[in-house]
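Structural overview for review
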Amino acid sequence: MPETRTKAPGVVLSQGPCAIREAPFCEDRDAPPWNTVVANMCNTLKMPDLTTRKGLRRVHTHFNEVYKRLDHAYSDAQRKGDERTMGGIVGILAKLCADAILRDKLFDRGLLKKVMPLLELDSTRKVALEVLRVVTHHGGASAKQEIARHNRALVKLMEDHPDDPKIAELVIVATSHASAAVIACEQPPDPRLVKDACIPLVLEATVNVLRRPTDSHELHTHALLILAASTQHCSRECKANPSMLRLLAAFTRSNNINYRAIAFSALLRLAGAECEFEGPHNPGPLLASFQHDMPTHLSDILVDYGPEKAEISIKLRAVADFQKAIAQAMQDHDMYKPGKKLVGLIQRTESAIVDGVCPSGHQLTGNLNPPITRLSDVLPVSAQALRAKGSPVDLDGADILDMKFYMSRSRHPEAIALGNKAIERNRGLAYAYYIISMGADTKNGLRAVKKGLKCKDITPFLRNQMLRRAVSHAALQGLDILRDAIEGDMEARAEGTAYLMSAWEDAKTYTAEAPPDGRHMLDVLTWYTMLTIIIRGPELSEDLRELDPARRKIKTSVEFMNHIGYPIVKTQLNLARELILSLYTEGAREWGAFVKHFDELDTKSHQDRTGIPPDTEDGLTASWVREA
């Protein structure tokens, strides 16, 4: 029997089957409920039962006839000024929109031309908005995008009725789903469509409506949905609304970790709009830095850590050993012994192989084809020499040399394929797992590093590299799960939190064990800082004084990088850290009361749905945090 998932407050807004809510049809208390009006209209027009598959199949079969009947009734009611009948007809059309094929046919026939005029009538305004709510929830991308073209009119409707919270709720729900179909996509959206959807106006109106007193959790969650969705492709519009960015930062203090993940991911995407990509590591500046005295406070740190374990020391020794290996190869014309040395060097540091043209362009090993003209060409040639010996250790070494060569030439797929092949022969080859972890799939990468970290024969360099990759892979995987979780999915919530906790623990281990002058220390300290904010949420103070030690370490890491000559690239992660830390305190002060009210409504909504006290579901996360 399949397991059932316990429900808890989640993220992706899920609603039941297409249903018009039992809202009054108009402001008249004596008017029949909306569902009653629609049911009566169905009976009057002799419509099949639209709640069954059999009834919908009949509509499919006789669509032209059914639509003609509905269209005639709407047109007749419009001529007579019969607003109730017009609303009833549109309600029937909304029910048909639960079926994707029928929805597309209705939009082709001009469904919105029947809905939009009803927004201008007091008696049918909320009915029309309810229809838009249903259609944007169940509609396809093209239908939602078409509705998004009416965002300006919908926002104006909300602004014209500032004292009606129901209109605000329905407008926000409809515009959030419709606008998400325009901008919540991986590829850049059509700029003309973005312009037609009036995204800046929607963002401003959404932030403004959140300042009003309201008890609608549905409004709040859909408002967060559209604000978070806008950061990837509308960064300029988002930055023009600093209060919105402070709101996203404040949401990292929500009691619900799903919403914390949504808010953080939104700011991470915003940073991605202006980020730079880190290029291949150039060891040249490191060699030059050795000629300059290191500041006393930095050298003291390395003395305490162990000078021989410092990254700069390991790299300098590795460069010298590489040069000796090359010299030996030129003298002996035998790549076996140098190849064995190279295998060890590759597992000691990432910059063991300093590429460049061979001295005087000489060929190193006799009449090899192709000849060695670049220093990195010694890798495949050395691999051949090791394979010729054929021992298990030499075969592992040959694979390591070839994987390193592929990576040095940006032939990542070949390196990863060889890594997978290598672990078929030796499941304890740590370097192979490290290479596999460099693939684009974070889940496979995380699985690889977790296996690699269990290998008995693992160097400190490989351990630190795999810890670093475990941090980023697990963090991204956890954020994806929490952000995309269906509302109330407790299993997904626990799974996503577990990934974040794993990343957090690995970040702590890395920052405690890895060389303080390491090139990747800043990245892991940044992840540690961001994960602390996401995991601990409202436990942190508004001024983030709990992160003062991490901030000091970040400052020290930057000083090491500046001295050594490592470029501090404006990566997405670095920009996100700067952005969140700059917004956090002001955001907490400006929006703290709102986030607290949001959490109260979130708790009540969850209890109303499930009857489960929120403390039951939060216990696991809280215990993880306490044990950290």
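So, here is what we can say about the structure in this document.

The rules behind each value
- Residues numbered from 1 in each chain as written.
- Predicted model: local features only at pLDDT ≥ 70, side-chain atom pairs only at ≥ 80, totals over all residues.
- Heavy atoms only, no water.
- Helix = DSSP H or I, 4+ residues; strand = E, 2+ residues; numbered from the N terminus.
- Buried < 20%, exposed > 50% of the residue type's maximum accessible area, 1.4 Å probe, protein only.
- Areas by Shrake-Rupley, 256 points an atom, 1.4 Å probe, with all protein chains shown as cover.
- Phe/Tyr/Trp six-rings, centres within 6.5 Å; stacked < 30°, edge-to-face > 60°.
- 1 Å grid on protein atoms, 1.4 Å probe; cavity = no way out; pocket = protein on both sides within 12 Å on 5 of 7 lines; lining within 4 Å.
- Points joined across faces, edges and corners; volume = space filled by probe spheres on them.
- Nonpolar A, V, L, I, M, F, W, Y, C, P; charged D, E, K, R; others polar.
- Patch = residues over 30% accessible without salt bridge, like charges linked within 9 Å, V, L, I, M, F, W, Y side chains within 5 Å.
- Salt bridge = Lys/Arg side-chain N within 4 Å of Asp/Glu carboxyl O.
- Lys, Arg positive; Asp, Glu negative; His and termini not counted.
- Charge placed at Lys NZ, Arg CZ, Asp CG, Glu CD.
- Expected span 1.5 Å × (residues − 1).
- Arc of directions from axis to C-beta.
- Contact = heavy atoms within 4.5 Å.
- Polar contact = N/O pair within 3.5 Å; in protein donor to acceptor, adjacent residues only side chain to side chain.

**Comments concerning the overall build of the protein chain**
- The number of helices and strands found in the protein chain is 31 helices and zero strands.
- Split into buried and exposed, the 628 residues of the protein chain put 55% on the buried side.
- Of the accessible surface of the protein chain, which amounts to about 28500 Å², a share of 52% is contributed by carbon and sulfur atoms.

**So, the packing of aromatic side chains**
- Scanning all chains against the criterion turns up 11 aromatic pairs.
- Consider the rings of Trp 591 and Phe 594, whose centres lie 5.8 Å apart with planes at 80°: the pair is edge-to-face. Placement of the pair is Trp 591 and Phe 594 together in helix α30 (residues 572-610), with a separation of three residues, close to one helical turn.
- You can call Phe 594 buried: its relative accessible area is 10%.
- Three or more aromatic residues joined by ring pairs make a cluster, and in this case those are Phe 251, Tyr 259, Trp 591, Phe 594 and Phe 598.

**A word on the layout of surface pockets**
- Approximately 360 Å³ is the volume attributed to the second largest pocket.
- Grouping the constituent residues of the lining of the second largest pocket by class yields seven nonpolar, six polar and seven charged.

**A closer look at a positive patch on the surface**
- Where like charges cluster on the molecular surface, the positive patch consists of Arg 427, Lys 443, Arg 447, Lys 451 and Lys 454.
- Here Lys 454 lies in the loop between α25 (442-452) and α26 (460-484).
- Classification of Lys 454 by relative accessible area gives exposed; the value is 72%.

**A short note on helix α19 (residues 311-332)**
- With 22 residues, α19 extends 31 Å from end C-alpha to end C-alpha; this agrees with the ideal 32 Å at 1.5 Å per step.
- Buried within α19 we find Glu 311, Ile 312, Lys 315, Leu 316, Ala 318, Val 319, Phe 322, Ala 325, Ile 326, Gln 328 and Ala 329.
- At the exit of α19 stands His 333, carrying a positive phi of roughly 55°.

**Structural notes on empty space enclosed by the protein**
- Going through the model one piece at a time under the given rule, you end up with two cavities of 30 Å³ or more.
- The wall of the largest cavity is formed by Glu 278, Arg 519, Leu 522, Asp 523, Met 561, Pro 567, Ile 568, Val 569, Thr 571 and Asn 574.
- Looking at the lining of the largest cavity residue by residue, the class counts come to five nonpolar, two polar and three charged.

**Topic: helix α20 (residues 336-346)**
- Every buried residue of α20 is listed here: Pro 338, Gly 339, Leu 342, Val 343, Leu 345 and Ile 346. Axial view of α20: buried residues confined to an arc of 165°, hence all on one face.
- Buried residues belonging to α20 abut α19, α21 (378-389), α22 (392-408), α24 (430-436) and α26.

**Details of the environment of His 597**
- Mapped onto the secondary structure, His 597 falls in helix α30.
- Taking the C-alpha atoms as reference points, His 597 and Asp 215, separated by 382 residues in sequence, lie 8.4 Å from one another.
- Ignoring sequence-local partners within four residues, the contact set of His 597 consists of Thr 214, Asp 215 and His 220.
- Within polar-contact distance, the side chain of His 597 engages the side chain of Asp 215 at 3.0 Å.

Functional significance is not addressed by these values, which are geometric in nature.
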